[in-house]
Amino acid sequence: MTTSTEESLWARCFHPAPDRTAQLFCFPHAGGSASFYFPVSAQLSSVAEVFSVQYPGRQDRRKETSPDDIGAMADQVYAALRGRLGTRPTVFFGHSMGATLAFEVARRFEADGGGPAHLFASGRRAPSRIRDETVHLRSDDGIVDELKALSGTDTALLGDEEILRMILPAVRTDYRAIETYRCEPDVTVRAPITVLTGDSDPKTSLDEAEAWRRHTTGAFDLKVFPGGHFYLSAQAPAVIGVLRHQLAALS
């Protein structure tokens, strides 16, 4: 299959494995970039071809403007990747904002007659669970404080003014998109959903994580790990193990 320019712009494959039966698409958190999932790709390339979604406004796409609406971003992601998504069994993994975006892309995929074989939603409350959050309205310093509190960005980078100038517009846009996102309680996907969450995540309570159950007509599972919002960094071997088990089952 010839990779289109648009597809390669949105999905990065760090360890090509075209002969694998399954493929995994990873969706980064707010302010995150495709490279966040480089270790995941390295660990799982033996069981699946791994693609990491690259949003506009960061790294090599930093001159582009990212949508400040989850629905609009999901439309763009699906339009760019639809040609690849239906080629073999596909699994979605999204962390934080990426979990919600993966859910919305799955909805579009299913509406088009296909759909992922499995959806992993990490570090994010159920789509219909709303909190009154306004990080996107804070000053630049306020957003940096939020990033430091969640430990989602290398704190050394947060002290580099030049890098901050480059990443903060995308971070603010991402936060606006996820904080203004709304979803009705009866919106579902057919794909089985596995939710992964940290037991001390300030952004997602266990009840809010459990509420993902009502957003699938398929199977549901909840896995709780020690840690906060970015529990998956410290718990990487266990998270990789969960993904490997599911991907191997599709081979």
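Just above sits the structure.
Everything in this summary refers to the structure shown in the same document. Per chain, the residues get numbers from 1 upward, laid out in the order the sequence is written. Confidence filtering applies because this is a predicted model: local features only for residues at pLDDT of at least 70, side-chain atom pairs given and counted only at 80 or more, and all residues used for totals across whole chains, interfaces and linings. Hydrogens and water are ignored here; the side-chain numbers use all heavy atoms of the structure.

## Focus: the overall build of the protein
Next, step 1: Where helices and strands are cited, they refer to DSSP runs of H or I of at least four residues and of E of at least two residues respectively, numbered from the N terminus. The helix and strand inventory of the protein stands at 10 helices and 7 strands.
Next, step 2: With the C-alpha coordinates aligned to their principal axes, the bounding extent of the protein is approximately 45 × 40 × 35 Å.
Next, step 3: We call two residues contacting when some pair of their heavy atoms lies within 4.5 Å. Counted over contacts in the protein with a minimum sequence separation of 6, partners at least 24 positions apart contribute 82%.
Next, step 4: The charge count includes Lys and Arg as positive and Asp and Glu as negative, but it does not include His or the ends of the chains. Positions of charges follow a simple convention, taking NZ of Lys, CZ of Arg, CG of Asp or CD of Glu. Here the protein contributes 27 positive and 32 negative side-chain charges, whose respective centroids are spaced 3 Å apart.

## Structural notes on the state of the cysteines
Next, step 1: Cysteine sulfurs are considered disulfide-paired once they come within 2.5 Å of each other. Enumeration over the complete set of coordinates arrives at 0 disulfides.
Next, step 2: Left unpaired, Cys26 is separated from the closest cysteine sulfur, that of Cys13, by 11 Å.

## Considerations on the layout of surface pockets
Next, step 1: A pocket, in this scheme, is an open set of points on a 1 Å grid over the protein atoms alone with protein on both sides within 12 Å along at least 5 of 7 lines, while a cavity is a set where a 1.4 Å probe fits but cannot get out; residues line either one if an atom lies within 4 Å of a point. Grid points are joined across faces, edges and corners, and a volume is the space filled by probe spheres set on the points. Taken as a whole, the second largest pocket spans an internal volume of roughly 210 Å³.
Next, step 2: Counting only elements with at least two residues in the lining of the second largest pocket, the list comes to helix H2 (38–44), helix H9 (231–234) and helix H10 (236–249).
Next, step 3: Ranked by residues supplied to the lining of the second largest pocket, first place goes to H10 with 4 residues.
Next, step 4: Residues that form the lining of the second largest pocket fall into these classes: 10 nonpolar, 2 polar and no charged. Residue polarity follows a fixed list, in which Ala, Val, Leu, Ile, Met, Phe, Trp, Tyr, Cys and Pro are nonpolar, Asp, Glu, Lys and Arg are charged, and the others, Gly among them, are polar.

## Some details on unusual backbone geometry
Next, step 1: In this structure, Gln59 takes a positive phi of about 50° despite not being glycine.
Next, step 2: Mapped onto the secondary structure, Gln59 falls in the loop between strand S3 (48–53) and helix H3 (70–85).
Next, step 3: A positive phi angle is found at Ser96, which is not glycine, with a value near 60°.
Next, step 4: With respect to the secondary-structure elements, Ser96 resides in the loop between strand S4 (90–95) and helix H4 (97–111).

## What about H4?
Next, step 1: Residue count minus one, scaled by 1.5 Å, sets the expected span of a helix. Taking 1.5 Å of rise per residue, 15 residues should cover 21 Å, and H4 covers 22 Å from first to last C-alpha, within 8% of that figure.
Next, step 2: Three labels apply to residues, based on accessible area from a 1.4 Å probe with only protein chains included: buried if under 20% of the type maximum, exposed if over 50%, partly exposed otherwise in between. Counting buried residues in H4 gives 12 out of 15 residues, a clear majority hidden from the surface.
Next, step 3: Along H4, the residues classified as buried are Met97, Gly98, Ala99, Thr100, Leu101, Ala102, Phe103, Glu104, Val105, Ala106, Phe109 and Glu110.

## A short note on empty space enclosed by the protein
Next, step 1: Tallying each qualifying case throughout the model produces 2 cavities of 30 Å³ or more.
Next, step 2: The computed volume of the second largest cavity comes to approximately 80 Å³.
Next, step 3: Together, 13 residues line the second largest cavity, and Arg124, Arg125, Arg129, Ile178 and Tyr181 are the ones closest to its centre.
Next, step 4: Its residues assigned to classes, the lining of the second largest cavity comprises 5 nonpolar, 1 polar and 7 charged.

## Comments concerning the packing of H3 against H4
Next, step 1: At a minimum axis separation of 9 Å, H3 and H4 run at an interaxial angle of 60°. When the axis of H3 is compared with that of H4, the two are oblique. Here the hand of the crossing between H3 and H4 comes out right-handed. Between H3 and H4, the residues in contact are Ile70, Gly71, Met73, Ala74, Asp75, Val77, Tyr78 and Leu85 and Met97, Thr100, Leu101, Glu104, Val105, Arg108 and Phe109, respectively.
Next, step 2: Counted by class, the contact of H3 with H4 contains 10 nonpolar, 2 polar and 3 charged residues. Note on definitions: angles span 0 to 180 degrees between N-to-C directions of axes, and those axes are lines fitted to C-alpha atoms, for helices only across the stretch in contact. Should an angle fall under 35 degrees it is taken as roughly parallel, and over 145 as roughly antiparallel, whereas 65 to 115 is taken as roughly perpendicular and any remaining angle as oblique. Crossing handedness is read from the near helix: turned anticlockwise from the far helix by less than a right angle, it gives a left-handed crossing, and turned clockwise, a right-handed one.

## Quick word on the pattern of salt bridges
Next, step 1: One speaks of a salt bridge when a side-chain nitrogen belonging to Lys or Arg is within 4 Å of a carboxyl oxygen belonging to Asp or Glu. Taken as a whole and judged by the stated rule, the model has 18 salt bridges.
Next, step 2: Here Asp174 makes a salt bridge to Arg58, at a shortest N to O gap of 2.7 Å. Of this pair, Asp174 sits in helix H7 (residues 161–179) while Arg58 sits in the loop between S3 and H3, placing them 116 residues apart in sequence.
Next, step 3: Accessibility expressed as a relative area gives 0% for Asp174, which makes it buried.
Next, step 4: Arg108 is the partner of Asp75 in a salt bridge, and the nearest nitrogen-oxygen pair spans 2.6 Å. Separated by 33 residues along the polypeptide, Asp75 in helix H3 and Arg108 in helix H4 bring together distant segments of the chain.

## Regarding H10
Next, step 1: If you check H10, its first and last C-alpha atoms are 20 Å apart, about what 14 residues at 1.5 Å a residue would give, namely 20 Å.
Next, step 2: Buried within H10 are the following residues: Val239, Ile240, Val242, Leu243, Gln246 and Leu247. Each buried residue of H10 lies within a common arc of 155° when the element is viewed along its axis, so the set occupies one face. In H10, the exposed positions angled more than 90 degrees off the buried face are occupied by Pro237, His245 and Ala249. Directions drawn from the helix axis to the C-beta atoms are what define this arc.

## A few points about the pairing of S3
Next, step 1: With 6 of 6 residues buried, S3 is to be regarded as a mostly interior element.
Next, step 2: Side chains of S3 alternate between two faces, with Ala48, Val50 and Ser52 and Glu49, Phe51 and Val53 buried alike.
Next, step 3: Pairing between strands is defined by DSSP: at least two bridges between the two strands are required. In this structure, strand S1 (residues 11–12) lies alongside S3, joined through 2 bridges in antiparallel fashion. The residue of S3 that forms the bridge with Arg12 is Ser52.
Next, step 4: As paired elements, strand S2 (residues 22–27) and S3 share 5 bridges and run parallel to each other. Bridging across to S3, Phe25 finds its partner in Phe51.

In short, the description is geometric, and any link to function would need to be established separately.
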